[in-house]
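Take a look at the letters that make up each chain.
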Amino acid sequence: MQTCELGVVKYILFTFNLIFAISGIGLIVAGAFVLSDVGEFEHFMEGRILAPPVVLIVAGCIVFLVASLGCYGAIRESYYMLMAFALCLLIILIIELAVGIAAAVYKNDFQMSMKDIMKSSMQRFENSKSDRVAWNNLQTKLKCCGVEGPSDWPENTRPVTCCHAIREGVAPPEAHHCRAAKPEDEILYVDGCFYQLQDKAESAAKILIGVGIGIAFVEVIGIILACWLASAVKNKD
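Residues numbered from 1 in each chain as written. Predicted model: local features only at pLDDT ≥ 70, side-chain atom pairs only at ≥ 80, totals over all residues. Heavy atoms only, no water.

## Thoughts on the pattern of salt bridges
Step number 1: Throughout the structure, instances matching the rule amount to 2 salt bridges.
Step number 2: Note that Lys115 is salt-bridged to Glu148, the shortest N-O span being 3.6 Å. Taken as a pair, Lys115 in helix α4 (residues 107-123) and Glu148 in the loop between α5 (129-142) and α6 (175-180) lie far apart in primary sequence, 33 residues in all.
Step number 3: Taking the shortest distance from any N to any O, the salt bridge between Asp131 and Arg124 comes out at 3.2 Å.
Step number 4: The class of Asp131 is buried, set by a relative accessible area of 2%. (Salt bridge = Lys/Arg side-chain N within 4 Å of Asp/Glu carboxyl O. Helix = DSSP H or I, 4+ residues; strand = E, 2+ residues; numbered from the N terminus. Buried < 20%, exposed > 50% of the residue type's maximum accessible area, 1.4 Å probe, protein only.)

Shown next, in the form of structure tokens:
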């Protein structure tokens, strides 16, 4: 009966690890997607804001390797390899929880830091090529203007990327039209870039949280199965 139980648990764990390896690839894909989506605007973000997707990619690589260890340990029925596998899963789970908690605790700090960075960058717009490129890219991609709105730009320095054609087929406004435009004018984007970037960052965070919770659930199951099989192997010996 014990041998039968051992065989069943062994193949359940082996199958689980195949799924777990695929989930590791899923972590890498999700992290890369978020990083490419939000990382495009890294000029306005601190490194710690971009850290979670990077951690997710690294975790995905580790998960894939750990899953291979679990598969090998299950087939070989090695007590020590199975316990090492369970320990690795526990460490990965703790790291994911720590990153998630830190992101939640410092969420407001991230937002205020991003707003301060954007305001500082705006002040350097005239004299810094990198800031000009970053702002023009941000306003063009997100269809926004200024930090909180068009009035954030100092007089006669508003970029033409703050403006848009009022309807299809009409030529876009020229630079002097955009600089002279009033906040209520139709040619101006009315939304501030901070709010647009904040929405994008929050959408990315939801993806990371959803994927993280799913993987954490899988990891808990893996820890239970690995410990169960390790116990059965030890009792057999």
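## Regarding the nonpolar core
Step number 1: Membership of the largest hydrophobic core comes to 49 residues, with the highest contact counts inside it found for Phe20, Phe44, Met118, Trp135, Leu138, Trp153 and Leu197.
Step number 2: Those elements that place two or more of their residues in this core are α1 (2-38), α2 (47-76), α3 (79-105), α4, α5 and α7 (193-236).
Step number 3: Here the element with the most residues in this core is α7; it accounts for 11 residues.
Step number 4: Setting aside its immediate chain neighbours within four residues, Phe20 contacts Val63, Ala67, Leu89, Val218 and Glu219. (Core = buried A, V, L, I, M, F, W, Y, C linked by side-chain atoms within 4.5 Å. Contact = heavy atoms within 4.5 Å.)

## What to know about unusual backbone geometry
Step number 1: Backbone geometry at Lys143 places phi at a positive 55°, although glycine is not the residue there.
Step number 2: Structurally, Lys143 is set in the loop between α5 and α6.

## Side note on a nonpolar patch on the surface
Step number 1: Residues Leu87, Leu90, Ile91, Ile94 and Ile95 make up a contiguous nonpolar surface patch of roughly 450 Å² in combined accessible area.
Step number 2: Inspection of the secondary structure puts Ile94 in helix α3. (Patch = residues over 30% accessible without salt bridge, like charges linked within 9 Å, V, L, I, M, F, W, Y side chains within 5 Å. Areas by Shrake-Rupley, 256 points an atom, 1.4 Å probe, with all protein chains shown as cover.)

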